[in-house]
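Close look at the chain arrangement
Here is what each chain is made of, one letter per residue.
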Amino acid sequence: MKKLTSLFPLLFLVPLLASCAEEKQVYIVYFGEHKGDKALHEIEEHHHSYLQSVKESEEDARASLLYSYKHSINGFAAELTPDQASKLEKLAEVVSIFKSHPRKYEAHTTRSWEFVGLEEEETDSDVPRRKNDADDRFRVGRNFLKKAKHGDGIIVGVLDSGVWPESKSFNDKGMGPVPKSWKGICQTGVAFNSSHCNRKIIGARYYVKGYERYYGAFNVTANKDFLSPRDPDGHGSHTASTAVGRRVYGASALGGPKPGTLSNMAPWIITVGASTLDRVFIGGLVLGNGYTIKTDSITAFKMDKFAPLVYAANVVVPGIALNDSSQCLPNSLKPELVTGKVVLCLRGAGTRIGKGIEVKRAGGAGMILGNVAANGNEIPTDSHFVPTAGVTPTVVDKILDYIKTDKNPMAFIKPGKTVYKYQAAPSMTGFSSRGPNVVDPNILKPDITAPGLNILAAWSGADSPSKMSVDQRVADYNIYSGTSMSCPHVAGAIALLKAIHPKWSSAAIRSALMTTAWMTNDKKKPIQDATGLPANPFAFGSGHFRPTKAADPGLVYDASYRAYLLYGCSVNITNIDPTFKCPSQIPPGYNHNYPSIAVPNLNKTVTVKRTVTNVGNGNSTSTYLFSAKPPLGVSVKAIPNVLFFNRIGQKQRFKIVIKPLKNQVMNATEKGQYQFGWFSWTDKVHVVRSPIAVSLA
């Protein structure tokens, strides 16, 4: 894939060059924020002066400097020995120094917008109108887009693995000039020249220069693990989201469904999970005994007739380990036993695409790709090399029983077709990382979820659909899954919200999204996990995003720059702003004005403080009533339990009192485990809902 380095805000993606000296490594030297008293060339000279203090010559100092951060943060990247880094760390003005460890940044990013109510309804009189309760939703969607002017003038920064500018998705035909708020340049890079820049691709290197509307949103889909003084993304995204009012969104990562696997956990980042759409690609699997089931598939290949059916474990070459025999790993299948047959392969080791490649290599006519228990009922759709049907663990058991009991098992795989409303949506994907927040459990993460499974997206002409070297196919578009698919959905929605509410802060926009989110699916049932059981806020945060509702949330939980600095004090991050000193009495992290509440290890009454701001759409006078569904084992009440507002912009403070119930019997499993609930403020027009997560000590 072409790497658009010019689109990369090179704040922390430092070129990890191999050092000539064996012991040299790349370090980031961080000075904090700029004071605004130096020109750009003076900043770089200042950085050189620090390098000269530890290098043998001026030439060596200049040669070791890899990058000078002159816009968002004050610092530089350089090749240093551990001893040189240690000396620099002791010098005045140096806040911290950390190694820039080599990392592999993987891409994590259409029905989506219609699914969330933003698709414009057809106005052609020959097109029949939708005849259900979705009419109002689509009318609201049209009004929302019109009010937002389709995001005209809003700029979204992207930090990901690259871009293919030749894609039709980046064609700016019919669009106006680059927004006047843009203050950057068209930065050329590898396989990217100035002709590739247009109204859709601006192509700048720097993403912060002190302009309030320079970016409406900043989309981060490369995953990072920690919020700490040594976390580059934590420092940089804080500068972007608070110091100059940017909105920063991060993918929650792909570590699910294991608990505590989240990335991008800082409270100034909107952490986005991945969930499903109401669209699936359904094919069919027919067995020789008449058993027929609809299956997930987008395979372009077709079978002409029934073919013999075999189980991979029964057709492997000698020497394959027993636990690998069902996996269809490279060179594991015996062509003499596979040619012309449909092979049942199980997921686990190896890649899904790779299994199909192995079946093709061995001469197979098709593949049934079976989920194991760990995969649940979630079936990703891949561009396979042979006709393929994806099936759930229950169906796998039926197929295995058929193979064992039938003397001549046969199978036929039908090609896939697009089907809507086939199953309840959204549901949470198995791969989407889960909470709790392992860095600071006082902040409930993720924040929200958005479509991230089987998303139709523009694809690079320099890479195959499977991204495997043996795959020589080329595609303009591809079906892809990941939290890097869900994250851009939210960034796009925020660009629209920013256009409607240009004065809203990043915290206000996050609050609007979170407090108006869905907690139910399109069947009005609780959002489910990939296992079919109800999901919880550690999977979906506040729920599935609803952009049109977020435009008029009623109340928002706002947070100032100072509030984030105070929060930093609570987690021992004290070097964000050198001019700020932590108070002697540091407020607990759970008192950060967040739209959700998390209290770990509750063993006594805890009082959580919150402040809401009235942003009611044209309704300056309003009365909000409190209600709650407490987590198991605790009581939840608000003081006061009624909030009165008589003007837009008015703030009201309240306390949420969370108390463990001594008389409630809890079993050993429940005690120490997180329990979930919610509370809300309602004025008969708006429902401002916040999730609660509590674990009892």
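Residues numbered from 1 in each chain as written. Predicted model: local features only at pLDDT ≥ 70, side-chain atom pairs only at ≥ 80, totals over all residues. Heavy atoms only, no water.

An unreviewed UniProt entry lists the chain under the name Subtilase family protein, with Arabidopsis arenosa given as the organism. According to its UniProt record, the chain has this under Sequence similarities (unreviewed entry): "Belongs to the peptidase S8 family." (UniProt positions renumbered as here; feature names shortened; annotations may be inferred.)

What follows is about the overall build of the chain. Helices and strands together make up the secondary structure of the chain, namely 14 helices and 27 strands. Relative to its full complement of 697 residues, the chain shows a buried share of 55%. When the accessible area of the chain is evaluated, it comes to approximately 30900 Å², of which 52% is carbon and sulfur surface. (Helix = DSSP H or I, 4+ residues; strand = E, 2+ residues; numbered from the N terminus. Buried < 20%, exposed > 50% of the residue type's maximum accessible area, 1.4 Å probe, protein only. Areas by Shrake-Rupley, 256 points an atom, 1.4 Å probe, with all protein chains shown as cover.)

Going through the model one piece at a time under the given rule, you end up with 2 disulfides. Each sulfur of the disulfide joining Cys 328 and Cys 345 lies 2.0 Å from the other. Between Cys 328 and Cys 345, the disulfide has an S-S torsion of -80 degrees and is therefore left-handed. One end of the pair, Cys 328, is in the loop between β11 (307-311) and α7 (335-338); the other, Cys 345, is in strand β12 (residues 342-346), and 17 residues separate them in sequence. Accessibility assignment for this pair places Cys 328 and Cys 345 in one class, buried. Here Cys 569 connects covalently by a disulfide to Cys 582, the sulfurs 1.9 Å from one another. Classification of the bridge connecting Cys 569 and Cys 582 rests on its S-S torsion, roughly -90 degrees, and on that basis the disulfide is left-handed. You can see Cys 569 sitting in helix α14 (residues 561-570) and its partner Cys 582 sitting in the loop between α14 and β20 (597-602), a full 13 residues away along the chain. Note on Cys 582: relative accessible area 28%, which makes it partly exposed. (Disulfide = S-S within 2.5 Å.)

Attention shifts here to helix α11 (residues 506-515). Taking burial as the measure, the 10 residues of α11 include 10 buried ones, the bulk of the element. Among all positions in α11, only Ser 506, Ala 507, Ala 508, Ile 509, Arg 510, Ser 511, Ala 512, Leu 513, Met 514 and Thr 515 are buried.

Spatial strand order, β19-β21-β25-β23: 4 strands in an open sheet with antiparallel pairing. Each end of this open sheet is capped by a strand with a single partner; those strands are β19 (555-556) and β23 (634-639). In the sheet, β23 pairs with strand β25 (residues 651-660) via 6 bridges, with the strands oriented antiparallel. In the sheet register, Ala 638 faces β25, and the bridge partner there is Ile 656. (Pairing = 2+ DSSP bridges.)

Moving on, we get to the confidence of the model for the chain. Interpreting fine coordinate detail is not advised for predicted regions of low pLDDT. The predicted model of the chain has a mean per-residue pLDDT of 81, with 81% of residues at 70 or higher. Note on residues 1-22: pLDDT under 50 across the span, and 79 contacts to partners over four residues away in sequence or across chains. Here residues 221-247 is a poorly scored stretch, pLDDT under 50, and it has 113 contacts once near neighbours within four places are set aside; other chains count. (pLDDT = per-residue confidence, 0-100. Contact = heavy atoms within 4.5 Å.)

What follows is about the packing of aromatic side chains. Summed over the entire model, instances satisfying the criterion amount to 15 aromatic pairs. Taking 5.9 Å as the distance between ring centres and 85 degrees as the angle between the ring planes, the aromatic pair formed by Trp 268 and Tyr 564 counts as edge-to-face. Residue Trp 268 is found in the loop between β7 (248-251) and β8 (269-275), and its partner Tyr 564 is found in helix α14; the two are separated by 296 residues along the sequence. Residue class for Trp 268 comes out buried when judged on its relative accessible area of 2%. (Phe/Tyr/Trp six-rings, centres within 6.5 Å; stacked < 30°, edge-to-face > 60°.)

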